[in-house]
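So the chains spell out like this:
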Amino acid sequence: PQLRVLDLTGCNLLTDVALEALARGCPLLEWLNMSWVLKLTDKGIVALARACLQLQLLSVHGVLGVTDVSLRALGDSLRRLHTLDVRGCTNAASHAPPAIHTLVPTVTNLVVHT
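Here the structure is a predicted model, which is why all the values come from computation and not from measurement.

Draft legend 1. Region of interest: the state of the cysteines. Inspection of the entire model under this criterion finds zero disulfides. A disulfide-free cysteine, C26 has its sulfur positioned 7.1 Å from the sulfur of C52, the nearest such atom. Among the cysteines around C89, which has no disulfide bond, C11 carries the closest sulfur, lying 17 Å off.

Draft legend 2. Summary view of the sheet that holds strand β2 (residues 31–33). Read across the open sheet, the five strands follow the order β1-β2-β3-β4-β5; overall the sheet is parallel. Across the chains shown, the open sheet's two edge strands, defined by having one partner strand only, are β1 (5–7) and β5 (109–111). Within the sheet, the average angular offset between the axes of one strand and its neighbour, ignoring direction, is 5°. Both β2 and strand β3 (residues 57–59) contribute to a ladder of three bridges, which runs parallel. Counterpart to L32 in the pairing with β3 is L58.

Here is what the cut-offs are and how they apply
- Residues numbered from 1 in each chain as written.
- Predicted model: local features only at pLDDT ≥ 70, side-chain atom pairs only at ≥ 80, totals over all residues.
- Heavy atoms only, no water.
- Disulfide = S-S within 2.5 Å.
- Pairing = 2+ DSSP bridges.
- Helix = DSSP H or I, 4+ residues; strand = E, 2+ residues; numbered from the N terminus.
- Axes fitted to C-alpha atoms, helices over the stretch in contact; angles between N-to-C directions.

So, to be careful, I would describe these as geometric facts and stop short of saying anything about function.
This is the structure in structure tokens:
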């Protein structure tokens with residue numbers, strides 16, 4: 001429960017159900033890298049956003065299951081989120097920086113494909 005930093009890069013067995021359980025069990029997470037965790041979808045990201053309110057850095061680089069639903073949930077819930085990596089999240093219609101900043105206004109360090 002005291003976990004604050006977690007790198008799950010490439011953990012391809014991680015599902016939305018597992019992410020939901022992780023989020024409930026680790027509400028103090030501040031830094032989470034889930035790059036190339038290919039089974040994740042909006043369901044898991046929304047659960048994460050609702051449970052891990054201390055999150056400051058999130059990478060979902062290469063996670064095709066991330067859409068605008070995820071981005072909106074991050075913006076609605078995470079007031080401390082300042083760094084967001086959405087490279088390769090091509091299913092998010094709002095993958096242009098201005099649109100992402102509209103959905104997630106607290107982000108000051110945004111990483112996208114240019």
